[in-house]
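# Inside the fold
Listed below, chain by chain, are the residues.
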Amino acid sequence: MTSLAADIGGTYSRLAWSGSGTTADENKQSFNNSEFDSLEAVIDRGLNMLGISGKPIDRMVLAVPGPVHDDPIRLTNIDWQLRRESLKTRFQTAQLKIVNDFQAAALGAINEPLERLKILNAGVPGEGPVVVAGAGTGLGMAWLPARDHERLPQATEGGHLDFAPNNATQLAVYRRLAERYGHVSYERILSGDGLLDGYRCLAGSNAHASSPAEVSAAANQGDRVAVEAVQQFIDVFAAYAGNLALAFDPTGGIYLCGGLTAHLADWFDPTAFTRAFTAKGRMAEVVRRIPVYLVTRRDAGLAGASRILQNLPGAEI
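Residues numbered from 1 in each chain as written. Predicted model: local features only at pLDDT ≥ 70, side-chain atom pairs only at ≥ 80, totals over all residues. Heavy atoms only, no water.

## Considering the packing of aromatic side chains
Counted by the stated rule, this structure contains 10 aromatic pairs. Plain terms: the ring middles of Phe-31 and Phe-36 are 5.8 Å apart, the flat faces sit at 80 degrees to each other, and that makes the pair edge-to-face. Taking the relative accessible area as the measure of exposure, Phe-31 reaches 7% and is therefore buried. What makes Phe-36 buried here is its relative accessible area of 11%. Between Phe-163 and Tyr-174, the ring centres sit 6.3 Å apart and the planes meet at 45 degrees, which makes this aromatic pair tilted. Here Tyr-174 lies in helix H5 (residues 168–181) and Phe-163 lies in the loop between strand S11 (154–156) and H5, a separation of 11 residues in the sequence. Judged by its relative accessible area of 28%, Tyr-174 falls in the partly exposed class. An aromatic cluster of at least three residues, connected via ring pairs, comprises Phe-233, Phe-237, Phe-268, Phe-273 and Phe-277. Over the face of the ring belonging to Tyr-181 we find Arg-188, whose NZ or CZ atom lies 3.7 Å from the ring centre. (Phe/Tyr/Trp six-rings, centres within 6.5 Å; stacked < 30°, edge-to-face > 60°. Buried < 20%, exposed > 50% of the residue type's maximum accessible area, 1.4 Å probe, protein only. Helix = DSSP H or I, 4+ residues; strand = E, 2+ residues; numbered from the N terminus. Lys NZ or Arg CZ within 6 Å of the ring centre and 35° of its normal.)

See below:
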């Protein structure tokens, strides 16, 4: 029996196989989506690399970006469509479950052991709601009423909440982005493209980095504007997390995850983060008691998809 858990992002697709005698090295695969014209092509490549092309995938869990209720499913930030019956027929799949990618990411994040998390605000951990936000190609957000909730995390479009600038520099960035996009959501800042746009707004005609990776690399080399762009990203993320703290009262904690978040983990200074996180005027102490954790692994979504797969068949998580 061959089973597949997959986390499909806007940039990368991560696959984890079980069964069919796969080795530990073969079990996980990562592909750049720009090299493929469909998810089916990615899965075909994965099967081929395992030497089992054409064999059935008996059970499959796919975590994909965007709403998953309708058919076909149109993925966000990548021009792919999925049809459930087509997938089941093509890969001879008996059990197929498709979930929002951030449902899987949230499930993976909250199950990370404490020693693998970076504590940004210690707070006072409790048994209440849990919120997970992740920056990568986009900005995802999900929540659970409690950590031991038996169903999947509730995916939302909370990354598209209106961005609220908190100082003159952020206001200038907001105005530049508003001229370009009209509506400026938090995702316009807290994403790969957002980091690059923020850098370009700050650098003006002196901008030389042309990708999020180049902004990060320039910051690591001490480039002043790149450092400012990364610090702005973190300040905005902290303020956004503070808004989530006020909206959900997530005494179970706020978890920050995502490929970009993990990539910039060393730049997150807990003292500076807490300062921006709690800058809520009269509500500062209300926010201060909410724990905030940074998930340092980059494949939390794949970990979550694998957990969902482990629960098939049977009741949903």
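Right, picking up where we left off after that structure.
## Description of the sheet that holds strand S10 (residues 139–144)
Strand order across the open sheet formed by six strands is S8-S13-S12-S9-S10-S11, with mixed pairing between neighbours. Every other strand in the sheet has two partners, leaving strand S8 (117–121) and S11 as the edge strands with one partner each. Across the sheet, the axes of successive neighbouring strands diverge by a mean angle of 25 degrees, strand direction being ignored. Helix-sheet contacts for helix H4 (residues 101–110) involve strand S9 (130–135), S10, S11, strand S12 (253–257) and strand S13 (292–295), and the interaxial angle to S9 is about 115 degrees. (Pairing = 2+ DSSP bridges. Axes fitted to C-alpha atoms, helices over the stretch in contact; angles between N-to-C directions. Contact = heavy atoms within 4.5 Å.)

## Some details on the side chain of Glu-40
For Glu-40, the position within the fold is in helix H2 (residues 39–50). We note that Glu-40 is buried and unpaired, the nearest opposite charge coming from Arg-90 at a distance of 5.1 Å. Residue contacts for Glu-40: discarding those within four places in its chain leaves Leu-87, Arg-90 and Phe-91. (Lys, Arg positive; Asp, Glu negative; His and termini not counted. Salt bridge = Lys/Arg side-chain N within 4 Å of Asp/Glu carboxyl O.)

## Let's talk about the nonpolar core
One finds Phe-233, Phe-237, Phe-268, Phe-273 and Phe-277 to be the most contacted residues of the largest nonpolar core, which totals 49 residues. The biggest single contributor to this core is helix H8 (residues 224–248), with 14 residues. Sequence-distant contacts of Phe-233, that is, excluding residues within four places in its chain, are made with Ala-135, Ile-189, Leu-190, Ser-191, Leu-195, Leu-260, Leu-264 and Phe-268. (Core = buried A, V, L, I, M, F, W, Y, C linked by side-chain atoms within 4.5 Å.)

## Details of the pairing of S9
In terms of residue burial, S9 counts as a mostly covered element, since six of its six residues are buried. Along S9, one buried face is formed by Val-130, Val-132 and Gly-134 and the opposite face, lined by Val-131, Ala-133 and Ala-135, is buried too. Alignment of S9 against S10, held across six bridges, turns out to be antiparallel. Opposite Val-132, over in S10, you have Ala-142 as the bridge partner. With antiparallel pairing between neighbouring strands as the criterion, S9 and S10 make up a hairpin whose turn holds three residues. Pairing between S9 and S12: five bridges, direction parallel.

## Details of the environment of Ala-6
Position of Ala-6 relative to the elements: it lies in strand S1 (residues 2–8). Residues Ala-6 and Glu-115, spaced 109 residues apart in sequence, show a C-alpha to C-alpha distance of 25 Å. Ala-6 has contacts with Arg-14, Leu-15, Val-61, Leu-62, Ala-63, Leu-302 and Ala-305, leaving out every residue within four places of it along the chain.

## A look at unusual backbone geometry
Between Asp-71 and the following residue, Pro-72, the backbone shows a cis peptide bond with an omega angle of 5 degrees. Considering the arrangement of structural elements, one finds Pro-72 in the loop between strand S4 (59–64) and strand S5 (73–74). The backbone phi angle of Gln-92 is positive, close to 55 degrees, even though this residue is not glycine. Inspection of the secondary structure assignment puts Gln-92 in the loop between helix H3 (84–90) and strand S7 (95–100). At Asp-249, a residue that is not glycine, the phi angle is positive and equals roughly 45 degrees. Summarising the element assignment, Asp-249 is placed in the loop between H8 and S12.

## Re the environment of Asp-235
Within the secondary structure, Asp-235 sits in helix H8. Residues contacting Asp-235, with those up to four places away along its chain left out, are Gln-170 and Ala-276.

## Topic: the packing of H5 against helix H6 (residues 192–203)
Closest axis-to-axis distance for the H5/H6 pair is 10 Å, and the angle between their directions is 110 degrees. By the angle between their directions, the pair H5 and H6 is classed as roughly perpendicular. Handedness of the crossing formed by H5 with H6: right-handed. Here H5 contributes Thr-169, Val-173, Arg-176, Leu-177, Arg-180 and Tyr-181 to the contact with H6, which in turn contributes Asp-197, Arg-200, Cys-201 and Leu-202. Within the contact of H5 with H6, the residues separate by chemical class into five nonpolar, one polar and four charged. (Parallel < 35°, antiparallel > 145°, perpendicular 65-115°, else oblique. Left-handed = near helix turned anticlockwise from the far one by under 90°. Nonpolar A, V, L, I, M, F, W, Y, C, P; charged D, E, K, R; others polar.)

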